[in-house]
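# Notes for the structure review
One-letter residues, chain by chain:
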Amino acid sequence: MAEHDLFEAEESALRAATDTHALDSLDAGSYRDALGALIVQFRRLVRETRRVIVHSDRQERELNTLNARLTQLAAELDYKAKHDPLTGAFNRRAVIELTEAHLRDGTLALIVLDIDHFKRVNDEHGHPAGDAVIVELVARLRTVAPEHAEIGRVGGEEFTVVLPCMELQTAVALAERMRAKVAATPFDMPAGCTVTASFGVSHTPSGSTFGDAYGRADQALYEAKRRGRNAVVF
Amino acid sequence: MENLYLAATADSPEVDFRFDTHELALKGESYPENAAAFYGSIIHQLRDYLAGCGDGTTITVDVALIYFNSSSTKMLFAFFDALNSAATRGVRVVLNWHHDPEDDTIGDFGSELHDDFTALEFRDLPTVS
């Protein structure tokens, strides 16, 4: 037996009772005394056990509550780590992770877009108006994007749409619908001005990196800007 | 006899038993790997000390535990039982039960101790930390 036992008192009472029980020639008084001693220990044990269980159940309930809160906070933190707070779109780091994960086992089409002359919006209408344009732009992209498309904000006015397993022509057609959706009607601003964006599209085989996919789409985007903006290039 | 001091660790409370001034304190969290060993030797020294305390002695015990696991609870019962026995034979034992007023679990555990160890002079001390 260990040097210190959690049940030292109980074990000792049990030994004494066992010893007495093994003897069959004691007088009634001795057996009665032994039983009495055992009752004292047993009563104490029951009382203590009751207390311990109530106490540990309460602590367990508190831990469960804390654990649920922790899980919720971890989920919120995880969301914040992956999303742009303004638009709710994926942030740059999340876009890179998602793209690389998709490229590990499949092809991918990537749309990169940039708001045309965004600096002008900020300069003429102020940054809150600029923010409103960004929010509305992402909302417009969402109305056109298929369900599995992952929309991200990778820079101030630069966005991506990750399209796992989509063919190049399908992605180009989607980018064209997005461009039209942005340019079609004025944005909800005091001045009610028209906003346009330029689009670059790339298609990347499985096993490539984010850098490959992004580099070619960005090059196409640059070409769209060069051709006069409000255009889709692939 | 010599005083007993054990600094708090991540899983065991601070033990500050000043036998010379009859002030005993337990403070912190208690979930040691082996509660029987941790409290076994403390209780052993406590019993030796209590055996030397006479009728006129007043012992002040300050307990401020914020968390204790089941095996610690079992050993704490033995700890309070030793104090209660001394109190039954005439030593005055004041138990100051410190706890966060928001922590009902510890507060209620204190009142259960009050019910179970009737010879101790129990003082419930909810203190804002």
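Conventions we followed
- Residues numbered from 1 in each chain as written.
- Chains lettered and ligands numbered in written order.
- Predicted model: local features only at pLDDT ≥ 70, side-chain atom pairs only at ≥ 80, totals over all residues.
- Heavy atoms only, no water.
- Helix = DSSP H or I, 4+ residues; strand = E, 2+ residues; numbered from the N terminus.
- Polar contact = N/O pair within 3.5 Å; in protein donor to acceptor, adjacent residues only side chain to side chain.
- Contact = heavy atoms within 4.5 Å.
- Buried area = accessible area lost by both parts, 1.4 Å probe.
- Salt bridge = Lys/Arg side-chain N within 4 Å of Asp/Glu carboxyl O.
- Nonpolar A, V, L, I, M, F, W, Y, C, P; charged D, E, K, R; others polar.
- Patch = residues over 30% accessible without salt bridge, like charges linked within 9 Å, V, L, I, M, F, W, Y side chains within 5 Å.
- Areas by Shrake-Rupley, 256 points an atom, 1.4 Å probe, with all protein chains shown as cover.
- Buried < 20%, exposed > 50% of the residue type's maximum accessible area, 1.4 Å probe, protein only.
- Expected span 1.5 Å × (residues − 1).
- Arc of directions from axis to C-beta.
- Pairing = 2+ DSSP bridges.
- Axes fitted to C-alpha atoms, helices over the stretch in contact; angles between N-to-C directions.
- pLDDT = per-residue confidence, 0-100.
- Phe/Tyr/Trp six-rings, centres within 6.5 Å; stacked < 30°, edge-to-face > 60°.

## Here we look at the side chain of Glu136 of chain A
All names here are of chain A. In this structure, Glu136 sits in helix α5 (residues 127-144). Among the polar contacts listed, one links the side chain of Glu136 to the side chain of Arg140, at a separation of 2.8 Å. Not counting residues within four places of it along the chain, the set of residues in contact with Glu136 comprises Phe187 and Asp188.

## Examining the interface of chain A and chain B
Interface size is commonly expressed as the accessible surface area that is lost when the partners come together. Between chain A and chain B, the residue contacts involve 16 residues of the former and 22 residues of the latter. Between chain A and chain B, a total of about 1700 Å² is buried, with carbon and sulfur atoms accounting for 57% of that surface. The tally of links from chain A across to chain B stands at six salt bridges. Inspection of the chain A/chain B interface yields seven residue pairs in polar contact (both at pLDDT 80 or more). Here the element with the most residues in the side of chain A that touches chain B is helix α2 (residues 28-82) of chain A; it accounts for eleven residues. Split by residue class, the side of chain A that touches chain B holds four nonpolar, four polar and eight charged.

## Section: a nonpolar patch on the surface
Residues and elements named next belong to chain A. Judged by side-chain polarity, Leu35, Leu38 and Ile39 come together as a nonpolar surface patch covering roughly 250 Å² of accessible area. Tracing the sequence through the fold places Ile39 in helix α2. Among the residues examined, Ile39 registers a relative accessible area of 41% and is labelled partly exposed.

## Re helix α6 (residues 168-184) of chain A
All names here are of chain A. With 17 residues, α6 should cover 24 Å at 1.5 Å per step; its first-to-last C-alpha distance of 24 Å lies within 8% of that length. Taken together, the buried positions of α6 are Ala171, Val172, Leu174, Ala175, Met178, Arg179, Val182 and Ala183. Here the buried residues of α6 occupy an arc of 165° about the axis, which is enough to place them on one side. Buried residues along α6 sit in contact with β1 (108-115), α5, β3 (158-164), β4 (197-204) and β5 (232-233).

## Focus on the sheet that holds β3 of chain A
Residues and elements named next belong to chain A. Spatial strand order, β2-β3-β1-β4-β5: five strands in an open sheet with mixed pairing. Only two strands of the sheet have a single neighbouring strand rather than two, namely β2 (150-153) and β5. Here four bridges tie β2 to β3, and the two strands are oriented antiparallel to one another. What sits directly across from Arg153, in β3, is Phe159. With respect to the sheet, helix α7 (residues 210-226) is in contact with β1, β3, β4 and β5, its orientation differing from that of β4 by roughly 145°.

## Considering the pattern of salt bridges
Inspection of the entire model under this criterion finds 20 salt bridges over all chains. We note a salt bridge from Asp116 of chain B to Arg47 of chain A, for which the minimum N-O separation is 3.6 Å. Taken together, the positions of Asp116 of chain B in helix α3 (residues 104-116) and Arg47 of chain A in helix α2 put the pair across two chains. Of the residues examined, Asp116 of chain B reaches a relative accessible area of 14% and is grouped as buried. Among the salt bridges present, the one from Lys82 of chain A reaches Asp78 of chain A, with a minimum N-O distance of 3.4 Å. In this pair, Lys82 of chain A and Asp78 of chain A both sit in helix α2, four residues apart, roughly one turn of the helix.

## Some details on the confidence of the model for chain A
Residues shown with low pLDDT carry predicted positions that ought not to be read at fine detail. Chain-level pLDDT for chain A is 94 on average; 98% of the residues reach the 70-or-more range. Across chain A, the element-wise mean pLDDT spans from 90 in helix α4 (residues 118-125) of chain A up to 98 in β2 of chain A.

## Some thoughts on the packing of aromatic side chains
Residues and elements named next belong to chain B. Taken as a whole and judged by the stated rule, the model has 13 aromatic pairs over all chains. On the numbers, 6.0 Å between centres and 20° between planes, the contact of Phe17 with Phe79 is stacked. A residue pair is termed long-range when its members are at least 10 positions apart, and Phe17 in strand β2 (residues 14-18) and Phe79 in helix α2 (residues 70-88) qualify at 62 residues. Summarising the burial analysis for this pair, Phe17 and Phe79 share the class buried. Geometrically, the ring pair formed by Phe77 and Phe109 is tilted, given 5.9 Å between the ring centres and 35° between the ring planes. Placement of Phe77 in helix α2 and of Phe109 in helix α3 is noted, with a sequence separation of 32 residues between them. Since its relative accessible area comes to 1%, Phe77 is described here as buried. Note on Phe109: relative accessible area 2%, which makes it buried. Among the aromatic side chains, those forming a connected cluster through ring pairs are Phe17, Phe19, Tyr49, Phe68, Phe77, Phe79, Phe80, Trp97, Phe109 and Phe117.

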